[in-house]
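Coordinates in review
Single-letter residue listing:
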Amino acid sequence: MCMSSWHYACQKSPGHITNRTLPLFDHYQYDNLLYTNRLCPTTKIRKLARSKYDRFSKKHVPRFDHFCGWLNQAIGEQNYRWFLLFLMVHVFMCFYGSWAVGRVLYGEVLEKNLLNATFFNAVTGAEVKADYFIIFHYLFMKYFQICGVFILMSVMSVVLGVFLMFHLYITSRNMTTNEFFKWQSFRRLHRKEKYKFEKAQAEGKISSDNGIGSKVESVSKQLSDVDIGCTGPMVAGPVQEGIQEDETIDPGLLPGNIYDNGIILNFYEIIFPLSYRGEAIERFNLSLNGGYGESNDEQNDHVHDHRPKPKSI
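From a predicted model like this one, the values you see are computed outputs, not experimental measurements.

1. Some words on the packing of aromatic side chains
A full pass over the atoms with the stated rule returns 14 aromatic pairs. Geometrically, the ring pair formed by F166 and F180 is edge-to-face, given 5.0 Å between the ring centres and 85° between the ring planes. Highlighted residues: F166 in helix 4 (residues 144-172) and F180 in helix 5 (residues 177-202), separated in sequence by 14 residues. The exposure class of F180 is buried, given its relative accessible area of 17%. Pairwise contacts between aromatic rings join Y28, Y35 and Y259 into one cluster. For R50, the ring lying beneath its charged end belongs to Y28, and the centroid distance is 4.8 Å. It is K52 that lies over the ring of F64; its NZ or CZ is 5.4 Å from the centre.

2. Some points on the confidence of the model for the protein
Across the protein, pLDDT averages 82, with 80% of residues at or above 70. Confidence, expressed as mean pLDDT per element, reaches its minimum in the protein at helix 6 (residues 216-220) with 53 and its maximum at helix 7 (residues 263-271) with 96. Taken as a whole, residues 237-243 scores under 50 in pLDDT and shows 19 contacts with residues more than four places along the chain or in a different chain. Segment residues 295-313 is flagged for pLDDT under 50; beyond a separation of four residues in sequence, or across chains, it makes 44 contacts in the model.

3. Side note on the nonpolar core
Ranked by internal contacts, the top residues of the largest apolar core, which has 39 residues, are L71, Y80 and F83. The greatest single-element share of this core, amounting to seven residues, is contributed by helix 2 (residues 80-111). F83 has contacts with H66, C68, L71, I75, F163 and H167, leaving out every residue within four places of it along the chain. Listed in part, the 10 residues of the second largest apolar core include L114, A117, I135 and L139.

4. Considerations on a nonpolar patch on the surface
On the surface, F136, I151, V155 and V159 cluster together to form a nonpolar patch covering roughly 330 Å² of accessible area. With three residues, helix 4 is the largest single contributor of residues to the nonpolar patch. Mapping F136 onto the fold places it in helix 3 (residues 132-142). Judged by relative accessible area, which is 42%, F136 ranks as partly exposed.

5. Concerning the packing of helix 2 against helix 3
Here helix 2 crosses helix 3 at 115°, and the two axes come no closer than 12 Å. What the angle tells us is that helix 2 and helix 3 run roughly perpendicular. As for how helix 2 packs across helix 3, the hand of that crossing is right-handed. Between helix 2, through L105, E108 and V109, and helix 3, the contact on the second element is made entirely by I135, L139 and K142. Residue composition of the contact of helix 2 with helix 3, by class: four nonpolar, no polar and two charged.

6. Looking at helix 1 (residues 2-11)
Of all the positions in helix 1, only S5, A9 and C10 are classed as buried. Take helix 1 and look down its axis: the buried residues cluster within an arc of 135°, on one side only. With respect to the buried face of helix 1, the exposed residues turned more than 90 degrees away are M3, S4 and Q11. Among the structural elements, strand 4 (73-75) and helix 2 are those in contact with the buried residues of helix 1.

7. Looking at the pattern of salt bridges
Scanning all chains against the criterion turns up eight salt bridges. Salt-bridge contacts for E179 lead to R50; the nearest nitrogen and oxygen are separated by 2.7 Å. One end of the pair, E179, is in helix 5; the other, R50, is in the loop between helix 1 and strand 1 (52-54), and 129 residues separate them in sequence. Both residues of the pair, E179 and R50, count as buried. Three or more residues are tied together by salt bridges with common partners; here these are R50, R63, E179 and E269.

8. Side note on the packing of helix 2 against helix 4
At a minimum axis distance of 8 Å, the contact between helix 2 and helix 4 shows a crossing angle of 150°. Between helix 2 and helix 4, the angle falls in the class roughly antiparallel. Once helix 2 is placed against helix 4, the crossing between them reads as left-handed. Grouping the constituent residues of the contact of helix 2 with helix 4 by class yields 22 nonpolar, nine polar and no charged.

The rules behind each value
Residues numbered from 1 in each chain as written. Predicted model: local features only at pLDDT ≥ 70, side-chain atom pairs only at ≥ 80, totals over all residues. Heavy atoms only, no water. Phe/Tyr/Trp six-rings, centres within 6.5 Å; stacked < 30°, edge-to-face > 60°. Helix = DSSP H or I, 4+ residues; strand = E, 2+ residues; numbered from the N terminus. Buried < 20%, exposed > 50% of the residue type's maximum accessible area, 1.4 Å probe, protein only. Lys NZ or Arg CZ within 6 Å of the ring centre and 35° of its normal. pLDDT = per-residue confidence, 0-100. Contact = heavy atoms within 4.5 Å. Core = buried A, V, L, I, M, F, W, Y, C linked by side-chain atoms within 4.5 Å. Patch = residues over 30% accessible without salt bridge, like charges linked within 9 Å, V, L, I, M, F, W, Y side chains within 5 Å. Areas by Shrake-Rupley, 256 points an atom, 1.4 Å probe, with all protein chains shown as cover. Salt bridge = Lys/Arg side-chain N within 4 Å of Asp/Glu carboxyl O. Axes fitted to C-alpha atoms, helices over the stretch in contact; angles between N-to-C directions. Parallel < 35°, antiparallel > 145°, perpendicular 65-115°, else oblique. Left-handed = near helix turned anticlockwise from the far one by under 90°. Nonpolar A, V, L, I, M, F, W, Y, C, P; charged D, E, K, R; others polar. Arc of directions from axis to C-beta.

Here it is, written out as structure tokens:
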């Protein structure tokens, strides 16, 4: 079961954005915070919202989540559901394995009545009444391999369980791992600029009606785009050009995630990816007949109006 889910997840592609397949994955509005309408510097095609070029697989991946070393491929729009299934199967099997091995060891305790047994200290020869630590030490020494498996599976149950809960959480918010860490960086930058603005305002250096206005986009320009692995950013990326250190702006209210459509629709979007739905397939077929309405030279200047509108925040 574990090997089957692993093999199946390894075989499933996350999706691959090219000039030909771009209409198939063009679902999302640009939020002008994490994503803006621009060319991908590597592939030289329009960088769709929520997509990212993965340097490990050397593919531009739609709804990029992270690169998974266990599967040796990127996790994106079309294989994220199989990644979740892979995680669920392994969490279940680790918990079941821990329970089964634990029952075997507990059966040994009951069969030999170890809770009421008397043990002897190998060094002093003194009698020692049984307690949980002594019983565990006895089982560990006598059944080293079984106890080793029990400890390993118990630890992996907790680690994988927490990892699965994290992915279920971001799925319920319609975020990817990539976006989760980008939002963390954005919130830190937003708090920093808000603090600078309020401090300058309190000191009388600027007034609330000085025409500065909200500059959320300026804050977002400082976000860096780095490689994302299972545990988050692999390296700290450089801060991009945005706000100068001596510049004070009002970043305005913290914006929300425009891709969050509610927990039910968010999970539905994972189980049934948008690129497999009729609208995307129809759009792709239309592009094959030259009806997509965008040439390669227009990719950086034109944003389609066929994408679903974001919900109000």
